[in-house]
Structure formats: structure tokens, C-alpha cells
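# Descriptive analysis of the structure
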Amino acid sequence: MKKLFNKKSILSGLGIMVFSLVCGVFTQTFAQNQYAIQQAQQAVSDKITRDKGGNVTFPTYSQAETYYISRSQTGVRGSGTWTKSYNSNTQDFSYEARVDNRRGKVDKINYKFLRNDNDNDNGKISSWAIGTFYGRNPQTGGNITLNINSNGSVVVTFENGGTNYANISGDRLNNNGVISRVTRINNGIRTTRIDNGEVIDYFTNGYGNGNGNQQGGNVPNWAIGTFYARNPQTGGNITLNINSNGSVVVT
């Protein structure tokens with residue numbers, strides 16, 4: 001019995017050692033990959049700003065991809081966004097780089113700017129994105145009003161009286177460095193933040209250009225009445241009272 005007990009103890013100890021070894025290797029690999037991504041993104045950002053100036057951002061909701069080159073080198077590939085200046089259009093780019101894990105040196109840096117599918121060649125704004133739109137602030141629940149002009153200037157007004165001055169070019173809205181992709185939805189537009197994926201839907205009140213079914217500023221018959229919905233942020237009820245003159249009461 002004593003010998004059997006010793007054998008089981010030895011096997012149990014070996015199992016713990018193997019498990020600890022595997023966990024240690026996994027942790028070390030994860031840390032090494034995170035280090036490689038950080039080093040690669042910094043080097044790519046430095047290279048782009050040296051070549052073209054402007055500002056570079058990398059998405060936080062979509063991690064870059066790493067791949068094995070050798071015991072001391074890790075490859076990194078991913079994507080980011082570049083902005084020349086506050087009033088200019090933003091451009092997406094892809095990148096790839098090689099990182100020396102021992103010295104932190106990055107070489108073989110390559111990047112390529114991508115064309116956005118909804119961007120026009122000259123950066124003009126689509127007609128459906130011009131006008132006044134109303135949305136709900138997902139953080140505070142307060143109202144947001146977007147006034148988008150044909151020249152690309154945007155005035156963002158908040159319920160508390162605050163005002164931001166932004167700009168839009170193609171399908172990119174730049175609000176003080178926060179970049180959002182603008183797409184069309186029924187009777188309005190949707191903005192999706194590039195950095196964290198936050199979505200806000202904006203709708204017209206019958207007078208803006210975002211309502212493709214209106215004629216001469218009139219509200220369509222199907223949009224007049226009382227409508228009920230659920231607030232996606234709080235779970236509470238929302239009631240919309242839409243009148244034929246375009247006035248709307250949101251309760």
C-alpha cells in the first residue's frame with residue numbers, strides 16, 4: 001500500500017507540473033504577442049506620420065493578428081485609420097510588420113491605404129446625408145441634433161445646450177477626433193464609431209433631407225401617429241407622437 005501511494009503521489013505531482021508548464025507557456029506566448037502588437041503599431045504609426053503627417057489610430061474592438069516567424073521574431077498584421085487634419089477625410093489602411101521580441105526592433109514595415117466602399121472619389125457627401133437629424137445619446141439618454149450641410153460642416157447640438165463643430169467627408173464623420181462611419185437607414189442615418197463600434201441612429205422630423213418619402217416637407221401618412229418602442233440602453237418604454245406638421249414628442 002505504501003508503494004502504491006507513493007506511485008500515485010508521483011503521478012499526481014507530474015500532472016501538476018505538466019499543467020503548470022502548459023499554462024506558463026500559454027501565458028508567455030500571449031504576453032509576447034501583445035508586446036509584438038504594441039511595438040508594431042507604434043512603429044507603423046511613426047512611419048505613416050513621418051511619410052504623410054496627420055494622425056493614426058488603431059481600433060480597440062478588433063485585435064491585430066500575430067503569426068510565427070521564428071523563436072525570436074513575430075509577424076503582426078492589422079488595420080488602422082489615418083487622418084490628415086481635422087477638416088480632412090479619413091482613410092483606412094492595412095499594415096504588416098516584423099518584430100524582434102528580444103530587442104523590440106521592428107522592420108519590414110508595410111502599409112496600404114484602402115478605399116472605403118461608400119466614399120466618393122472626390123469626398124462629396126451623399127444627398128441622403130444632408131439635413132437635420134435627431135438621435136439619442138447612448139451615455140446620457142439625452143437628445144442629439146445633427147445639422148449636416150452640403151459643404152461637409154456639421155453642427156452637433158446636445159440636450160444640455162452643448163455644441164460641437166464637426167465635419168463629414170464621404171462616409172466619415174469626424175467629431176473632434178472621434179471618427180464614425182455614416183450609413184443610410186430608413187428615414188435617417190446611422191453612425192458607427194470606428195474605435196469602439198458604438199452605434200447611434202438619427203432620424204428626420206419630416207423637414208430634413210434624410211426622409212426619402214417626403215414631398216415638399218410633408219410627413220408620410222404611415223409615419224403619423226403614436227408608436228411604442230423599448231429603450232436599448234435602459235430597457236424602459238419610449239413613446240413617439242408624430243404629428244402631420246412634423247412635430248414629434250418623445251416620452
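All residue numbers refer to positions counted from 1 along the written sequence of the respective chain. Given that the model is predicted, a residue must reach a pLDDT of at least 70 before its local features are reported, and side-chain atom pairs must reach 80 or more before they are shown or counted; all residues, however, enter totals for whole chains, interfaces and linings. Note that water and hydrogens are dropped before the side-chain values are worked out from all heavy atoms of the structure.

This part is about the overall build of the protein. Every helix listed is a DSSP run of H or I at least four residues long, and every strand listed is a run of E at least two residues long, numbered separately from the N terminus. When helices and strands are tallied, the protein shows one helix and 16 strands. Per-residue burial for the protein yields a buried fraction of 35% across its 251 residues. Every accessible area reported is derived by Shrake-Rupley at a probe size of 1.4 Å, with residue values counting cover from the shown protein chains alone. Summed over all atoms, the accessible surface of the protein reaches about 15400 Å², with 51% contributed by carbon and sulfur. Each residue gets one of three labels from its accessible area relative to the maximum for its type: buried under 20%, exposed over 50%, partly exposed in between, using a 1.4 Å probe on protein chains only.

Quick look at the packing of aromatic side chains now. Each Phe, Tyr or Trp ring, with Trp reduced to its six-membered ring, pairs with another whose centre is within 6.5 Å; inter-plane angles below 30 degrees give stacked pairs, above 60 give edge-to-face pairs, and intermediate values give tilted ones. For the structure on display, the rule yields six aromatic pairs. Between the aromatic rings of tyrosine 111 and phenylalanine 113, the centroid separation amounts to 5.8 Å while the plane-to-plane angle is 85 degrees, which identifies the pairing as edge-to-face. A relative accessible area of 22% means that tyrosine 111 is categorised as partly exposed. Aromatic ring contacts, followed pair by pair, group Phe58, Trp82, Phe93, Tyr95, Tyr111 and Phe113 into a single cluster. The ring of tryptophan 82 is capped by lysine 52, whose NZ or CZ atom sits 5.1 Å from the centre of that ring. For a ring to carry a charge above it, either NZ of a lysine or CZ of an arginine must fall within 6 Å of the ring centroid while also lying within 35 degrees of the normal to the ring plane.

This part is about the pairing of strand 3 (residues 73–83). At least two bridges found by DSSP between two strands is the condition for calling them paired. Pairing of strand 1 (residues 55–57) with strand 3, which is carried by three bridges, proceeds in the antiparallel orientation. Residue valine 56 lies in a different strand from strand 3, and its bridge partner there is tryptophan 82. Connecting strand 2 (residues 65–68) to the next strand, strand 3, in antiparallel fashion are four residues. The pairing of strand 3 with strand 4 (residues 90–100) spans eleven bridges and is antiparallel. If you follow glycine 80 over to strand 4, its bridge partner there is phenylalanine 93.

Looking now at the confidence of the model for the protein. The predictor reports its confidence for every residue as pLDDT, a score running from 0 up to 100. Taken over all residues, the pLDDT of the protein has a mean of 77, while the share at 70 or more is 73%. Contacts of residues 18–22 to residues separated by more than four positions or lying in other chains number zero contacts, the stretch itself having pLDDT below 50. We call two residues contacting when some pair of their heavy atoms lies within 4.5 Å.

A separate point is the layout of surface pockets. Here the second largest pocket defines a volume of roughly 300 Å³. Here the term cavity refers to a set of points on a 1 Å grid, laid over the protein atoms alone, in which a 1.4 Å probe fits but cannot get out; the term pocket refers to an open set having protein on both sides within 12 Å along at least five of seven lines, with lining residues being those that place an atom within 4 Å of a point. Forming the walls of the second largest pocket are 17 residues, and the residues nearest its centre are Asn175, Val178, Arg193, Glu198 and Ile200. For the lining of the second largest pocket, the elements supplying multiple residues, two or more each, are strand 7 (143–148), strand 8 (153–158), strand 10 (172–175), strand 11 (178–185), strand 12 (188–193) and strand 13 (199–203). Here the term charged refers only to Asp, Glu, Lys and Arg, the term nonpolar to Ala, Val, Leu, Ile, Met, Phe, Trp, Tyr, Cys and Pro, and the term polar to all other amino acids, Gly among them. Of the residues assigned to the lining of the second largest pocket, the class counts are nine nonpolar, six polar and two charged. Grid points are joined across faces, edges and corners, and a volume is the space filled by probe spheres set on the points.

Turning our attention to unusual backbone geometry. Phi at lysine 108 is positive, roughly 55 degrees, even though this residue is not glycine. A positive phi is found at asparagine 176, a non-glycine position, where the angle reads about 55 degrees. With respect to the helices, strands and loops of the structure, asparagine 176 is situated in the loop between strand 10 and strand 11.

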